[in-house]
Each structure stands twice: as structure tokens, then as C-alpha cells.
Amino acid sequence: MEYAIEIENFTKKFGKFTAVNDVSFKVKKGEVFGFLGPNGSGKTTVIRMLMGLISPTYGKGKVAGFDISKDGDRIREKIGYMSQKFSLYEDLTVEENLDFYGGVYGLSKKLLEKKKKEILKMADLEGREKTITSNLSGGWKQRLALGCSIIHDPEILFLDEPTGGVDPLARRKFWDLIYKLSQNGVTILVTTHYMDEAEHCNTIGFIYYGNLLTLDTPNNMKKYVIDGHIKVKPSLEDVFVFIVNKEGTI
Amino acid sequence: MNFNVKRVLAVIRKEFYQIKRDKRTIAIILLMPIMELLLFGYAASTSVDHISTVVFNNDMGRESQELLDGFTNSQYFDIDYIAYSMDDVHHYIDDGYSKAGIVIPPEFSENIKSGKTAQIQLVVDGSDPTSAQTILSSAGGVAQAMSVEIIGDNAIKTMPQPLDLRSRVWYNPDMSSINFNVPGLIGVILQTVTLMLTSFSIVREREKGTMEQLIVTPISKMELMVGKIIPYVIIGFIDIILALALSVFWFKVPVAGSIGLLLFFSVIFLFSALGVGLLISTISKSQLQAMQLSMFMIMPNILLSGYMFPREAMPKVIQTISNIFPLTYFIKVLRGIILKGNGFSSLKNEFIILVIFGIAVLAMATFKFKKKIY
Ligand SMILES: Nc1ncnc2c1ncn2[C@@H]1O[C@H](COP(=O)(O)OP(=O)(O)OP(=O)(O)O)[C@@H](O)[C@H]1O
Ligand SMILES: [Mg+2]
């Protein structure tokens, strides 16, 4: 079995505070991996370490088969990243942002034009090419951010709370895009606080105060709760609350 | 390290879009050079003429009287006080009545008549070095003019130098302080503008979060730095042309040397100045810190580079410190080309130093830049 992402004993300390504690997991190629956990549990920190944005205090990681500590440059060509905070250029137009990332990924002019058309269509941004990005509303911004992160056809996509703060319709549109990418063989690691979204992942990793508690399919996770609790048909939200309550009492 | 021109071009284009949409940046680029040049240019020119002067004349001859007339006629010196002793002269200058004192020794007329070199002593109030500099150069000009006249009048044409005024300043024969000031001012403006523009360029992206997205792309440090620098080299170039045009057409400063050489040196200097800005931007944790750091850099640059005060008058330690500023060399180059008409061969050392400095500081900025968020 080939893995898109492999993490072994990932640990990150900020001074004395341990934000991520000995986390290990693997994500299969082509999988949609949901990363769940309450605020401040360490999801963003794990992703940033995988992206090479910060160095782990301890532990090893592989992305697309390359070691994160050595082959950052190779990895960066194969991954796309959408950070939790919107991080495109707000003072550039939609098209200028796409042009910029296309250029930075070294796309040829012809390919860039083709990808731009595709992305504008996919993100429902046609006719807004000349809009200054800061004037876009939430859903459009996020679809543009996704567009910029996949302009180079990455193998693996990291989405850190991509749907935070957008309306249900925009969320559904966004997840339609994620499925499409997944069908095309892209591995996706996504963090979210929406349990209906988590429901659609192949695997869920649940992280709590820096510790990875469970790693399973959504259905198995529900069983886990049923085993430990009396609940006829628990939703993932029940699972989330259950785990936090249980762990919180420790 | 890989280097892909496409990536660099993408960064350059992006920077230009951002500059185009930022009014503050546009103001710094276009208004600051004009304003600084006009403000400093005029401020520096106010103290040029009608300098209140005290005279202590030990010589009763006609020649010394003619000399003093020459000073008065130049419009630069007003003989307001007559002193009867050296102490008197000091008193007038110490108490601020006069800015300059002219002391003529007893044998002055005698020396001129017999074809010997006649000395004059000039006492200048050094508390304001800028005007002191002007006074020195003005007096030098008057003495020069008088010498020519004396030689013309005198039968003994072989006399090498009839008047000896030790504190003569050779450049700037028009005796205009603006001619002397403007070249240095151009350097100061270029330094200030480029530093203000680039010192934010990296740290702003860090603060806004756009850096996080940028550094997960395959762009290399070198590509990013080059892409960040080139737009400002172009802008700095526009600024120098703007400043030069204003100097030549508005202030009527004559350019003795080659404009092409001057522009060439400007580009060389820009790389150093921008490199310093990028370095500041790279090591700063916030835009505020970047601003403080660049202010911290600009002050000593203006004070010590020789723009304000002659470096020769500075203590050795300060002179040594001022050697680390690229502006020091650039001002030398500017004055050399504009005032003295220097060619490349007399500025070779400055060229080498500026190139080395530029490469070093850019390498340092690139080295210090980490593809990490903290
Ligand atoms: N640079 C830093 N210095 C100190 N502490 C940090 C730093 N970055 C993150 N932390 C802390 O590490 C912990 C994990 O943060 P992280 O952002 O990874 O959580 P998260 O799971 O992404 O939360 P959220 O759901 O709110 O996005 C938090 O307590 C946070 O305050
Ligand atoms: Mg987070």
C-alpha cells in the first residue's frame, strides 16, 4: 500500500507548551482524510509541519514519498495548500491572483490559460475575473483560494478549515469540488468543525490537546461511541461531544 | 538553487499591481523626492548670502580695502562690525553677532605690492557646519576672484598666488550652496525612498499571511528576492531621473560629468540600498519593527554620510562608522560626477565598494530569509 502522507511521532513544542504530542498516522493515496478536533487542539500545527512551514520538535514525516526535513522543494511541487486564514492577495484581482500562482508554479502560458478557464468555471467565478479579491464574498474567496491551490494539479491537497464562515450553499458547492478532485485521484487532508462534512471523509483522525485519540472511518467511530455509551443512532457530532467530555474529565 | 525566470516575472508583475493600487506607496515614489528636494533645496539655500561679518584689519593699505570691497560686492558677506583686536573678533563671533571674521595681517598690502603671497585669515563660526561650509566656499570664491584681479594689475605676472586663504573649497565655483547640496540630497532621497519601500515588502506579507501561501510554492529564496528587488530598482531609477531633472531644470545645477555614468552608478547603488531594505524586512518581526529599524538606519545615513557635515571634520571613529554606509560612497560619486566632472577612472574604488556591498547585503538578506513562518 502506498501512502500519500506518513507521520511518525510528530511532536511540536512552543517553549514549554506541547501543541502536538507524539502524533502518528498515515493517509492512503486518493483518500479524503478528515482531521477533527476542538479549537486549539493542534490541527493547524500538524499541517504546517507537513508543509514545512514550521519544523517539528521531534518526529518524522513523509509527503508524496519525500522526507519533509530534506526534500521540501520536491514536496512543494506536488502539494496544494489552503491555509485556515485567507491568504491570497486581497489587493489583486481574481485573475491577477491566478496569474501569479500560475507563474510561481512555473506553468506555461498556454497551460495557464487553460487552467484559468477551468478554475474560473469550476469556482463559479466567471465574469468576476477583474474583481478585486477583497471585494469578493466569503464563498467566492474560498473557492478562489482552492482554485489557486490546485492550479498546478497537485497530488495532495491540504485544506485547513476551508469552509469556515461560509453559508450552507457555498459549503455544499465547495464539497462538490472536493469530491471531484478526489475522484480524479487527489489525496485530500481536510480539517473542519462541521460534522456533516466529516461524515463524507474516508478516514477521520480525532486530535485532542495535541494527542491523536482515534483514527477510523466515520462509521466505526460511531460504533466506538455506541460501545462506550447508550445511544441508539449517534451522529458524528454526538461522537465529538462524547469524546471531548470523556477526555475533558481526565 | 533552481532559478526560473517565469517565477521571478510573476513576482515582479504582482509587486507592480500592488504598488499601482497603493496610494501611500505611489505618494512615497512620486511626491517624496519632489518635496524633499524642494524643502531641503530651499532650506539649505537660505543662509547663503549676506553673512554678517566682522573685520579686523591690521593693514592700512589700499589693497586691503579693495579686498574687503570684493567681499562686500560678492553679496555673500556684509561687513557689519569692525574689530580692533583678535579678542574682539572672537567676541563678535562667540556672541553670535557675526558668522565670519576676516583678519588681515599688517604686511598685507606690502606683500601684494612686492609680489609675495599675502595671507588672509578667515574665522568661521563652526556651530552650524552647513553654513560654515558655505562661508568657506564663498570666501574661497571671493579670494580666487581677487587673485585673478591682482595678477592682472600687477607687473610681476609670474606671481603664483597673490592671496592665500587656507580654507578654500575648490568645487562649486558658482559659490552656490544649492549646487553643493543637491547632489548629496539626491543620494539621501534615493536612500530614504528605497528603504521605506522595501523594508516593508517581506514583513508585510508575513503579517498579512500571504507569505504562508507563497512559501508552500516551489519558489526559491533567490527567485523571490530578485523578484522583490527588480520593481524597486525600476522605481528607484525613475526617482533618480525625477530628482535629476528637478535639480537641473529647477535648481539649475549644472552637471559637469556624464549623466550616463551617474545613472549607471545609481543602479549599482540601488542594489545596496534595496538590499539593506530587504534585510531589514527579513529580520523584522512586524511592520512596526521594520519601520523603526529603517528610521534607525536613515538618521545616521543622513548625518554621517557626508551629506550634512563634511566627513573630514568628523572624529576618526565616526568616519570609520560612516564607511559602512553605501550612501557615503554614493554621495562621493554624485558630487564627483555633478560638481567635479569625474569620470569612471576616478570613481573606481567607489564602484568596487558599492558592488561588493550590494552583493554582500543581498546575499545576507537571501540567507536570512527562511521558508518558514516563524
Ligand atoms: N507560534 C505559536 N506559539 C505558541 N503557541 C502556539 C503557536 N502556534 C500555535 N500555538 C498553540 O498551539 C495550540 C494548537 O494550535 P493550532 O492552531 O494547531 O490548533 P487548531 O487545532 O488548528 O485550532 P483551530 O481549530 O482553532 O484552528 C494552540 O493552543 C495554540 O495556541
Ligand atoms: Mg487551525
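Note that the coordinates shown come from a computational prediction; the quantities given were computed from them, not determined experimentally. (Residues numbered from 1 in each chain as written. Chains lettered and ligands numbered in written order. Predicted model: local features only at pLDDT ≥ 70, side-chain atom pairs only at ≥ 80, totals over all residues. Heavy atoms only, no water.)

Turning our eyes to something else, we now look at the interface of chain A and chain B. Facing 30 residues of chain A, the contacting portion of chain B comprises 26 residues. Taken together, both faces of the contact between chain A and chain B bury some 2,700 Å²; the carbon and sulfur share is 56%. Summed over the shared surface of chain A and chain B, the result is 2 salt bridges. With a closest N to O distance of 2.7 Å, E96 of chain A and R21 of chain B form a salt bridge. The interface formed by chain A and chain B includes 15 residue pairs in polar contact (both at pLDDT 80 or more). At the level of secondary structure, the elements contributing two or more residues to the side of chain A that touches chain B comprise α1 (43-51), α2 (72-78), β6 (79-82) and α3 (94-104) of chain A. (Contact = heavy atoms within 4.5 Å. Buried area = accessible area lost by both parts, 1.4 Å probe. Salt bridge = Lys/Arg side-chain N within 4 Å of Asp/Glu carboxyl O. Polar contact = N/O pair within 3.5 Å; in protein donor to acceptor, adjacent residues only side chain to side chain. Helix = DSSP H or I, 4+ residues; strand = E, 2+ residues; numbered from the N terminus.)

What follows is about α3 of chain A. All names here are of chain A. Of all 11 residues in α3, 10 are buried; the element is thus mostly enclosed. For α3, the full list of buried residues reads V94, E96, N97, L98, D99, F100, Y101, G102, G103 and V104. G106, located one to two residues past α3, shows a positive phi value of around 75°. (Buried < 20%, exposed > 50% of the residue type's maximum accessible area, 1.4 Å probe, protein only.)

This part is about the environment of D67 of chain A. Residue and element names in this part refer to chain A. Checked against the element boundaries, D67 lands in strand β5 (residues 66-67). The spatial distance from the C-alpha of D67 to the C-alpha of L50 is 9.7 Å, given a sequence separation of 17 residues. If we skip the residues at most four places from it in the chain, D67 touches G61, K62, G72 and I75.

On to the pattern of salt bridges. This model, assessed by the stated rule, comprises 25 salt bridges over all chains. Via salt bridges that share partners, E95, D99, E113, K116 and K130 of chain A belong to a single interconnected network.

Let's shift gears to the coordination of the magnesium ion (ligand 2). Residues and elements named next belong to chain A. For the magnesium ion (ligand 2), the protein coordination sphere consists of T44 (OG1) and Q84 (OE1), at 1.8 to 2.1 Å. Here T44, found in helix α1, pairs with Q84, found in the loop between β6 and α3; they are 40 residues apart in sequence, far enough to count as distant. Taking relative accessible area as the criterion, T44 reaches 18% and is therefore assigned buried. Judged by its relative accessible area of 40%, Q84 is partly exposed. (Donors = N, O, S within 2.8 Å, 3.2 Å for Na, K, Ca; no water.)

Of all residues adjacent to ligand 1, which total 15 residues, the nearest are G40, K43, T44, T45 and Q84 of chain A. Near ligand 1, the surrounding residues belong to chains A and B. Contact between ligand 1 and S41 of chain A: an oxygen atom at 3.2 Å from a main-chain N or O atom of the residue. Side-chain polar atom of T45 of chain A to an oxygen atom of ligand 1: 2.5 Å apart, as the coordinates give it. Relative to its unbound accessible surface of 640 Å², ligand 1 loses 67% to contact with the protein. Counting only elements with at least two residues in the shell around ligand 1, the list comes to β2 (17-28) and α1 of chain A. Take the shell around ligand 1: its biggest share by element is 3 residues, from α1 of chain A. When grouped by side-chain class, the residues that make up the shell around ligand 1 number 5 nonpolar, 8 polar and 2 charged. (Near = heavy atom within 4 Å. Areas by Shrake-Rupley, 256 points an atom, 1.4 Å probe, with all protein chains shown as cover. Nonpolar A, V, L, I, M, F, W, Y, C, P; charged D, E, K, R; others polar.)

Residue and element names in this part refer to chain A. Spatial ordering of the open sheet is given by β2-β1-β4-β5, a layout of 4 strands whose pairing is antiparallel. Both edges of this open sheet fall to β2 and β5, since each of them pairs with a single strand only. In this sheet, β2 lies alongside strand β1 (residues 3-14) in antiparallel orientation, the contact comprising 8 bridges. Across the sheet, residue K13 finds its bridge partner in β2, namely T18. Running over the sheet, α1 touches β1, β2 and β4 (58-63) and is turned about 115° from β1. (Pairing = 2+ DSSP bridges. Axes fitted to C-alpha atoms, helices over the stretch in contact; angles between N-to-C directions.)

Inspection of every chain in the model, using the stated rule, returns 3 cavities of 30 Å³ or more. Lining the second largest cavity we find L92, E96, D99 and F100 of chain A together with A10, R13, K14 and Y17 of chain B. Of all elements in the fold, only α3 of chain A together with α1 (5-21) of chain B reach the threshold of two or more residues within the lining of the second largest cavity. With 4 residues, the top contributor of residues to the lining of the second largest cavity is α1 of chain B. (1 Å grid on protein atoms, 1.4 Å probe; cavity = no way out; pocket = protein on both sides within 12 Å on 5 of 7 lines; lining within 4 Å. Points joined across faces, edges and corners; volume = space filled by probe spheres on them.)

The volume enclosed by the second largest pocket comes to roughly 440 Å³. Around the second largest pocket, the lining is made up of 24 residues, and of these I68, S69, G72 and R76 of chain A together with K372 of chain B lie nearest the centre. Within the residue set of the lining of the second largest pocket, elements represented by two or more residues are β4 and α2 of chain A.

As a further point, take the environment of I119 of chain A. Residue and element names in this part refer to chain A. Mapped onto the elements, I119 comes out in helix α4 (residues 109-122). Through-space distance from the C-alpha of I119 to that of F14 is 38 Å; in sequence the pair is 105 residues apart. Look past the residues within four positions of I119 in its chain and what remains in contact with it is L98, G147 and I151.

Here we come to the pairing of strand β9 (residues 203-208) of chain A. One face of the sheet, then the other: side chains in a regular strand alternate in exactly this way. Residue and element names in this part refer to chain A. In terms of burial, β9 is largely enclosed, as 6 of its 6 residues are buried. Covered by surrounding structure in β9 are T203, G205 and I207 together with I204, F206 and Y208, the residues of both alternating faces. Here strand β3 (residues 32-36) pairs with β9 via 4 bridges, running parallel. Note on β9: the bridge partner recorded for L36 is F206. With antiparallel pairing between neighbouring strands as the criterion, β9 and strand β10 (residues 211-216) make up a hairpin whose turn holds 2 residues, including Y209 at a positive phi of roughly 45°.

Let us look at the confidence of the model for chain B. All names here are of chain B. Here chain B shows a mean pLDDT of 85. Residues at 70 or above account for 90%. Low pLDDT (under 50) marks residues 168-175, which in the prediction has 24 contacts with non-local residues, meaning those over four places away or in another chain. The ipTM value of the predicted complex is 0.90, and its pTM value is 0.79. (pLDDT = per-residue confidence, 0-100.)

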